[in-house]
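# Coordinate analysis (summary)
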Amino acid sequence: MKSAVRTHPMRPRAPRRRAPPSLDIVVESPLWKAQRSAKGVLRRAIVTAASMVPTRAGELAIVLTDDSAIRALNRDWRSKDTATNVLSFPAKEPGAARGTPCLLGDIVIAYETTEREARAEHKPFAHHLAHLAVHGFLHLAGYDHAADEEADAMERLETAILARLDVPSPYITRGSS
């Protein structure tokens, strides 16, 4: 007795989704209490960026601080004695031990500079915060903007990620096409 063999057309496999990075948000400045939705904005921005950027699975921290703390970090790590909006510190470990998550690094965001820039650019604080989180994450993933070509590529990627978050391109000034 012959058994019938069914043949099925090959079905393409769905791409495997990477798990989003584990995210720890540390609030070091009470100024951030004014932005109750900040943690949600940051989580959405990181999950969206991670879904669009090839990076290893792992964990990262976002530290929400103030201008004086970020100024000290900027001075100590970059020899620039001024406050800035965001700093990224990619982890420099060769690899995690089996069973332990890989550390991607830290992103530090200063409240006063972020708020001042959002106001000056006439954009919602949440939009600017999402942009800074995406920008910082891309640095952790190995992107840079030191050269013009790198900057153009990074800006295009930031714009695409922000579009998924319904945030307008931060590189188009109001009133221009």
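It should be emphasised that the depicted structure is a prediction, and the values quoted were computed from it without experimental measurement.

### A few points about the packing of aromatic side chains
Applying the stated rule across the entire model yields 4 aromatic pairs. Ring centres of Y111 and F125 lie 5.5 Å apart, and the angle between their planes is 35 degrees; on these two criteria the pair is classed as tilted. Of this pair, Y111 sits in helix 3 (residues 111–120) while F125 is found in helix 4 (residues 125–140), placing the two residues 14 residues apart along the sequence. Looking at Y111, the relative accessible area reads 10%, which means it is buried. Connected via pairs of aromatic rings, a cluster forms that spans W32, Y111 and F125.

### Some points on the pattern of salt bridges
The final tally for this structure, using the stated rule, is 6 salt bridges. With its nearest N and O atoms 2.9 Å apart, the salt bridge here joins D81 to R71. In this pair, D81 is assigned in the loop between helix 2 (67–78) and strand 3 (86–90) and R71 in helix 2, connecting sequence segments 10 residues apart. Notably, a salt bridge pairs R119 with E115, separated by 2.6 Å at the nearest N-O pair. Of this pair, R119 and E115 both sit in helix 3, 4 residues apart, which is roughly one turn of that helix. Residue E115 is classed as partly exposed on the basis of its relative accessible area, which comes to 24%. What emerges from the salt-bridge pattern is a single network uniting R71, R75, D76 and D81.

### Details of the environment of A61
As for its position among the elements, A61 is in strand 2 (residues 59–65). A61 gets classed as buried once you look at its relative accessible area, which sits at 14%. Between the C-alpha atom of A61 and that of I107, which follows or precedes it by 46 residues, the distance is 6.3 Å. If sequence neighbours within four positions are ignored, A61 has contacts with D24, G105, D106 and I107.

### Re a negative patch on the surface
Among the surface-exposed residues, D144, D148, E149, E150 and D152 lie close enough to one another that they form a single negatively charged patch. Along the polypeptide, D148 turns up in helix 5 (residues 148–164).

### Quick word on the sheet that holds strand 4 (residues 103–110)
Sheet strands line up and pair through hydrogen bonds in the backbone, either parallel or antiparallel. As summarised here, the arrangement of the 4 strands in space is 1-2-4-3, forming an open sheet in which the pairing is mixed. Looking along the sheet, the strands with just one partner apiece sit at the ends: strand 1 (22–27) and strand 3. Pairwise comparison of adjacent strand axes, ignoring direction, gives a mean angle of 15 degrees for this sheet. One ladder, built from 6 bridges, connects strand 1 with strand 2; its direction is parallel. Bridging across to strand 2, D24 finds its partner in A61. Along the sheet, helix 4 contacts strand 2, strand 3 and strand 4; its crossing angle with strand 4, the most-contacted strand, is approximately 145 degrees.

### Regarding helix 3
In an α-helix, one full turn covers 3.6 residues, which means residues spaced three or four apart are oriented alike. Those residues of helix 3 not exposed but buried are Y111, T113, T114 and A118. Of the surrounding elements, those touching the buried residues of helix 3 are strand 2, helix 2, strand 4 and helix 4. Looking one or two residues past helix 3, H122 carries a phi angle of roughly 55 degrees, positive in sign.

The rules behind these values
- Residues numbered from 1 in each chain as written.
- Predicted model: local features only at pLDDT ≥ 70, side-chain atom pairs only at ≥ 80, totals over all residues.
- Heavy atoms only, no water.
- Phe/Tyr/Trp six-rings, centres within 6.5 Å; stacked < 30°, edge-to-face > 60°.
- Helix = DSSP H or I, 4+ residues; strand = E, 2+ residues; numbered from the N terminus.
- Buried < 20%, exposed > 50% of the residue type's maximum accessible area, 1.4 Å probe, protein only.
- Salt bridge = Lys/Arg side-chain N within 4 Å of Asp/Glu carboxyl O.
- Contact = heavy atoms within 4.5 Å.
- Patch = residues over 30% accessible without salt bridge, like charges linked within 9 Å, V, L, I, M, F, W, Y side chains within 5 Å.
- Areas by Shrake-Rupley, 256 points an atom, 1.4 Å probe, with all protein chains shown as cover.
- Lys, Arg positive; Asp, Glu negative; His and termini not counted.
- Charge placed at Lys NZ, Arg CZ, Asp CG, Glu CD.
- Pairing = 2+ DSSP bridges.
- Axes fitted to C-alpha atoms, helices over the stretch in contact; angles between N-to-C directions.

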